[in-house]
Amino acid sequence: MAKTAATANKADSASTTNKAGSANSTNKADSAATEPRVLPVRNPRTGEIDTHITAASAEEIAATCARLRQAQAAWGRAPLGHRIGVMKQWAERLKAHRAALVEADSIDTGYGQISQVAPQMVIGTILRLCAIAPAIFEQARRKGTSPVPSIHYDTNLRPYPVAGIIGPWNAPLMLSTLHAIPPLFAGCAAIVKPSEVAPRFVKPMMETIREVPELAEVLAYVVGDGETGQAIVENSDIINFTGSVANGRKVAEACARRFIPSILELGGKDPVIVTETADLKRAAKAVVRGAVTSTGQVCFSIERIYVQEKVHDAFVELLAEEAGRVELNYPDPHAGQIGPFIAERQARIVDEHIEDALAKGAAIRLGGKPLNLPPQRAEHAGDSGRGGGLYMHPTILTGVNHDMKIMRDETFGPVMPVMKYRTEEEAIRLANDTYYGLSAAVIAGTVEEARRIADQLDAGVVSVQDTFLTFAGFGAGLQSDSFNFSGMGSRAGILAFLRRQSVLTNTGEAESMVDDSLKAVG
Ligand code: NDP
């Protein structure tokens, strides 16, 4: 079995450095018919294509899923304690390779601090589930006697054989890997595909998995694009997809055709309401952090700001003051607070939203547009190719309204559009006037006032007296359901990957169809 696994993992991971190698080596016969698809990968700090990946083909994905499915039978049948032991070993290997994982994620994203914490979030989640998984299984099992005293019932928890995990580019290591953990505890095998935009971390991640041979049998990372993702959907038994609403819909439709469950974690357009009674300084600090962290490339970034009209002008001044203190990680990648845009196409979308707002009457109070900054090689000798890319200073727009893309569509940049409201009802109506519903925030004079408003917002997570508290929810293992088009299915825990099978046992006489009709229903 170990041999199968080692081969599977070698085969499953298309190399991020070797154009021709990759996933194809053991599947030459399968893939001979199709040309390997070599995809360029752009470095966000330099704007240069500095690596390539070979996308795993549909045939390779089918072969990988078949191997995983075979290995899963033993993994799924093993006692939970056994899986916990293997997961603890993986946590140790993740700790041992932390530096390489951070380095790769940081090149993928241009992030500093966030790449530092990404492996820690993964390790923390594994260890947390090691501690609580036995209770989760125990509570999900039901055992007892039916109304007919001789008929007893029990619950088997049966994992879906193969879980397909498809991740986005904005937190590549964290989101792809976090979503693979609950299915592994459940007893599924997992195939994971991060975005083609940010695949460098896969190589060190594969190393951590190879060092735990039993895990390598049931966990495979592959690289590729949307086509590879489609093949995963076609060959898995349950899908956890994180990405855009547009692709989430395609995935949901494909899963529906196959009658397999899809868990969708999609985009957001998070509002914050700042009331007349709020501490405006506190609100300004919280809003800048919520809107600008990771250059705004977070699904639960603050993207719409509603401020009571009497305090609007004062708040905008404080917001500009706070946002003006934020500096780019440029030219020194180790200084400042915000890095480059990860995806070139995202910078174009941000620009388009700002242009649309300006054309419809908005005004820029701070910042402006994405900037194309050249690498500063001379100043950072030895740091070749760093300190360039597409950047953007925190930007504040006023005079916005709901006819503008900046208030309706996901922007995913460090942009803060501020709109006035008069009454509490109007603020709630505006915040809920969206086809998203991922999360939201309220900052008011008292917790009670904020809470009254929070309870009326249509969003899966609401931060009260702050923004961006979703992270604390992750740490606590909270589950929440996205509203509208921001997703489907709760942020998935172990139980989402288990099918409940009721086993009914009759310890009494078997009944006669003629003499005892319908007694057993009774
Ligand atoms: P995309 O929807 O473009 O891509 C997500 C993943 O799906 C990628 O791996 C992509 O591959 C793959 N993919 C694309 N098309 C298909 C398909 N038809 N079938 C299967 N897989 C497919 O999202 P982004 O990568 O642009 O990520 C940003 C989005 O993710 C934002 O909307 C953001 O809000 C959302 N997001 C949501 C989170 C949440 O928890 N709710 C968390 C983080 C991000 P490839 O990129 O290689 O083409």
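Here is a short report on the structure shown in this document. These figures come from a predicted structure and were not determined experimentally.

**Some remarks on the pairing of strand S6 (residues 189–193)**
Among the five residues that make up S6, five are buried, leaving the element largely enclosed by the rest of the structure. Here S6 shows no split at all, with Ala189, Ile191 and Lys193 on one side and Ala190 and Val192 on the other all buried. In this sheet, S6 lies alongside strand S5 (residues 162–166) in parallel orientation, the contact comprising five bridges. Following the sheet pairing, isoleucine 166 is matched in S6 by lysine 193. A crossover connection joins S5 to the parallel S6 through helix H7 (residues 172–186); in handedness this β-α-β unit is right-handed.

**Some details on the site of the ligand**
Every one of the 31 residues lining the ligand counts as a neighbour, but Gly167, Glu196, Ser244, Leu266 and Glu410 are closest to it. In this structure, glycine 243 approaches the ligand through a main-chain N or O atom, which is 3.3 Å from an oxygen atom. Here an oxygen atom of the ligand and a side-chain polar atom of arginine 345 are 3.5 Å apart. Isolated, the ligand exposes 900 Å² of accessible area, and the fraction of that covered by the protein chains is 93%. For the shell around the ligand, the secondary-structure elements that each account for two or more residues are helix H10 (226–235), strand S8 (238–242) and helix H11 (245–258).

**Some thoughts on the side chain of asparagine 329**
Residue position: asparagine 329 is located in the loop between helix H13 (309–324) and helix H14 (344–359). In contact with asparagine 329, other than residues within four places in its own chain, are Arg45, Gly110, Ala335, Gly336, Gln337, Ile338, Gly339 and Tyr391.

**Structural notes on the environment of arginine 348**
By the element assignment, arginine 348 lies in helix H14. Assessed through its relative accessible area of 53%, arginine 348 is described here as exposed. For the pair arginine 348 and proline 370, spaced 22 residues apart in sequence, the C-alpha to C-alpha distance is 8.2 Å.

**Describing the pattern of salt bridges**
As enumerated under the stated definition, the model contains 22 salt bridges in all. In this structure, arginine 200 and aspartate 108 form a salt bridge, with 2.9 Å as the shortest nitrogen-oxygen distance. Note that arginine 200 is positioned in the loop between S6 and helix H8 (202–210) and aspartate 108 in helix H5 (residues 98–109), a separation of 92 residues in sequence. Among the residues examined, arginine 200 registers a relative accessible area of 9% and is labelled buried. Connected through salt bridges with shared partners, the residues Arg37, Asp225 and Glu227 form a single ionic network.

**Section: H11**
For the α-helix, the turn length of 3.6 residues means that residues three or four positions removed from each other point alike. Between the first and last C-alpha of H11 there are 20 Å, a value that for 14 residues agrees with the 20 Å anticipated at 1.5 Å per step. Along H11, the residues classified as buried are Val245, Gly248, Val251, Ala252, Ala254 and Cys255. On the buried face of H11, the contacting elements are H10, S8 and strand S9 (262–265). Phenylalanine 259 sits one or two positions beyond H11 and adopts a positive phi of about 55 degrees.

What counts, and where the lines are drawn
Residues numbered from 1 in each chain as written. Predicted model: local features only at pLDDT ≥ 70, side-chain atom pairs only at ≥ 80, totals over all residues. Heavy atoms only, no water. Buried < 20%, exposed > 50% of the residue type's maximum accessible area, 1.4 Å probe, protein only. Helix = DSSP H or I, 4+ residues; strand = E, 2+ residues; numbered from the N terminus. Pairing = 2+ DSSP bridges. Right-handed = clockwise from strand over helix to strand, strands pointing away. Near = heavy atom within 4 Å. Polar contact = N/O pair within 3.5 Å; in protein donor to acceptor, adjacent residues only side chain to side chain. Areas by Shrake-Rupley, 256 points an atom, 1.4 Å probe, with all protein chains shown as cover. Contact = heavy atoms within 4.5 Å. Salt bridge = Lys/Arg side-chain N within 4 Å of Asp/Glu carboxyl O. Expected span 1.5 Å × (residues − 1).

Everything listed here is a matter of coordinates, which is why it stays silent on function.
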